[in-house]
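Below are the chains, spelled out letter by letter.
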Amino acid sequence: MIPLWAQASLWGLLAGSALLLGAAAGYFIRIPDRVAAGIMAFGSGVLISALSFELVEEAYEQGGFDATAIGFFSGAAIYTGANWLLSLRGAKHRKRSNELQPSEQEASGSGMALAIGALVDGIPESIVIGISMISGGNVSVVTVIAIFLSNIPEGLSSAVGMKKAKRSAGYIFTLWGSIAAASGLASLLGYSVFSYFPPDVIAATTAVAAGAILVMLADTMIPEAFEKVHDLSGMIMVMGFMTAYLLTKMEKSPVIHTLLEQLQWLLENTT
């Protein structure tokens, strides 16, 4: 039987692996810019839905409005500050698939800034996966799916931009492989560390992640989507939003709930 802390790590690793999958698609497959931007728009809609119906709602139910509001604005402020510092180091366009990403020759230290930026983008949502297992030991499958679906376009678009900036395949795949591994570790810490904190702290932490994700979308993913697909970006985002919303409702249906319970049982009893 796999212990809960290990399950939390595996779920985080699964969601993070989509970054590596997206990076591989972006590096090896010639994907038109408009298609990459459309995928980015879809992933943005998925994340907006997830943070609205899963993260913020869960935070409110656990800790009330005060903890949710404080956490949400704190997450937004922390991410805004971190993103500003990273932008000064050459990581402003880290999720762009065009030629805006600078090479190391053009901006010394931008490679490290890109790596740190990818870590800042991915860690908050991974922590939430672990936190979702604290109450009852069952992961929020909708959250995992939403993060997985949104990570694919993140990795894809960023890898395309890195390739155009003449960064090596070794750099690109080492970066995203490391972020995927860090996602598993972050999910483990989310479960192990926050299990000892009261509901208000857990709620505020969940809201911090939601605030950081929303600012990340506004600063990085949505501009990339709009730049290439323009008038279609809104409709594609709506499709992503509705997809995640339907997953939320499906999770509550008796049939889907039974299937998820069986999946959870298989994971817990795999030797």
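Residues numbered from 1 in each chain as written. Predicted model: local features only at pLDDT ≥ 70, side-chain atom pairs only at ≥ 80, totals over all residues. Heavy atoms only, no water.

## Brief notes about the overall build of the protein
The helix and strand tally for the protein stands at eight helices and zero strands. In the protein, the succession of helices and strands from N to C terminus is α-α-α-α-α-α-α-α. Among the 271 residues that make up the protein, the fraction classed as buried is 50%. Counting only carbon and sulfur atoms, one obtains 71% of the accessible surface of the protein, whose full area is about 12400 Å². (Helix = DSSP H or I, 4+ residues; strand = E, 2+ residues; numbered from the N terminus. Buried < 20%, exposed > 50% of the residue type's maximum accessible area, 1.4 Å probe, protein only. Areas by Shrake-Rupley, 256 points an atom, 1.4 Å probe, with all protein chains shown as cover.)

## Digging into the UniProt feature "transmembrane region" (unreviewed entry) in the protein
Here, UniProt's "transmembrane region" (unreviewed entry) annotation points to residues 35-56, 68-86, 127-149, 170-189, 201-222 and 229-247. The span residues 68-86 carries 100% helix and 0% strand; its end-to-end C-alpha distance comes to 27 Å. Between the C-alpha atoms that bound residues 229-247 the distance is 26 Å, and the span itself is 84% helix and 0% strand. (UniProt positions renumbered as here; feature names shortened; annotations may be inferred.)

## Some points on the nonpolar core
Within the largest apolar cluster, 19 residues are counted, with the highest numbers of intra-cluster contacts made by Leu47, Leu51, Leu55, Ile213, Leu217 and Met221. Mapped onto this core, the elements with two or more residues apiece are helix 2 (33-88), helix 6 (199-229) and helix 7 (233-251). Residues contacting Leu51, with those up to four places away along its chain left out, are Val56, Ala210, Ile213, Leu214 and Leu217. (Core = buried A, V, L, I, M, F, W, Y, C linked by side-chain atoms within 4.5 Å. Contact = heavy atoms within 4.5 Å.)

## Observations regarding the side chain of Thr143
Counting through the fold element by element, Thr143 comes out in helix 4 (residues 141-164). The class of Thr143 is buried, set by a relative accessible area of 4%. The contact partners of Thr143, leaving out residues within four places of it in the chain, are Glu54, Leu55, Val128 and Ile129.

## Things to note about the packing of aromatic side chains
As enumerated under the stated definition, the model contains seven aromatic pairs in all. Aromatic pair Phe28 and Phe173: ring centres 5.5 Å apart, planes at 15°, arrangement stacked. Of this pair, Phe28 sits in helix 1 (residues 4-28) while Phe173 is found in helix 5 (residues 169-194), placing the two residues 145 residues apart along the sequence. Judged by its relative accessible area of 21%, Phe173 is partly exposed. A centroid spacing of 4.9 Å and a plane angle of 55° characterise the contact between Phe53 and Tyr245, whose relative ring orientation is tilted. Within this pair, whereas Phe53 is found in helix 2, its partner Tyr245 is found in helix 7, the two being separated by 192 residues in sequence. With relative accessibility at 26%, the residue Tyr245 sits in the partly exposed group. (Phe/Tyr/Trp six-rings, centres within 6.5 Å; stacked < 30°, edge-to-face > 60°.)

## Focus on a nonpolar patch on the surface
A surface patch of nonpolar side chains, about 580 Å² in accessible area, is lined by Leu185, Leu189, Val193, Tyr196, Phe197 and Val201. Broken down by element, the residue count for the nonpolar patch peaks at three residues, all from helix 5. Its location among the elements puts Tyr196 in the loop between helix 5 and helix 6. (Patch = residues over 30% accessible without salt bridge, like charges linked within 9 Å, V, L, I, M, F, W, Y side chains within 5 Å. Salt bridge = Lys/Arg side-chain N within 4 Å of Asp/Glu carboxyl O.)

## Overview of the packing of helix 2 against helix 4
It is the contact of helix 2 with helix 4, at a shortest axis distance of 8 Å, that shows an interaxial angle of 150°. As far as their axial angle goes, helix 4 and helix 2 are roughly antiparallel. For the element pair helix 2 and helix 4, the recorded crossing hand is left-handed. Contact with helix 2, carried on its side by Asp33, Ala36, Ile39, Met40, Gly43, Val46, Leu47, Ala50, Glu54 and Leu55, involves Val142, Thr143, Ala146, Leu149, Ser150, Pro153, Glu154, Leu156, Ser157 and Lys164 of helix 4 and no other residues of that element. Classifying every residue of the contact of helix 2 with helix 4 by side-chain character gives 12 nonpolar, four polar and four charged. (Axes fitted to C-alpha atoms, helices over the stretch in contact; angles between N-to-C directions. Parallel < 35°, antiparallel > 145°, perpendicular 65-115°, else oblique. Left-handed = near helix turned anticlockwise from the far one by under 90°. Nonpolar A, V, L, I, M, F, W, Y, C, P; charged D, E, K, R; others polar.)

## Details of the packing of helix 1 against helix 4
The contact between helix 1 and helix 4 brings their axes to 6 Å, and the two run at 35°. When you trace helix 1 past helix 4, the crossing you get is right-handed. Along the lines of polarity and charge, the residues of the contact of helix 1 with helix 4 split into 16 nonpolar, six polar and two charged.

## Regarding the confidence of the model for the protein
Summing up the model confidence of the protein, the mean pLDDT is 80 and the portion of residues at 70 or higher is 81%. Here helix 8 (residues 254-269) is the element of the protein with the lowest mean pLDDT, 63, and helix 5 is the one with the highest, 89. (pLDDT = per-residue confidence, 0-100.)

## Quick look at helix 6
For helix 6, which comprises 31 residues, the first-to-last C-alpha distance of 42 Å matches the rise-based estimate of 45 Å (1.5 Å per residue) to within 8%. Two residues or fewer past helix 6, His230 is found with a positive phi of approximately 50°. (Expected span 1.5 Å × (residues − 1).)

## Details of the environment of Ile39
Structurally, Ile39 is set in helix 2. Residue classification places Ile39 among the partly exposed residues on the basis of a relative accessible area of 30%. Sequence separation of Ile39 and Met237 is 198 residues, and the distance between their C-alpha atoms is 9.1 Å. Those residues within four positions of Ile39 in sequence are excluded, and the remaining contacts are Pro153 and Leu156.

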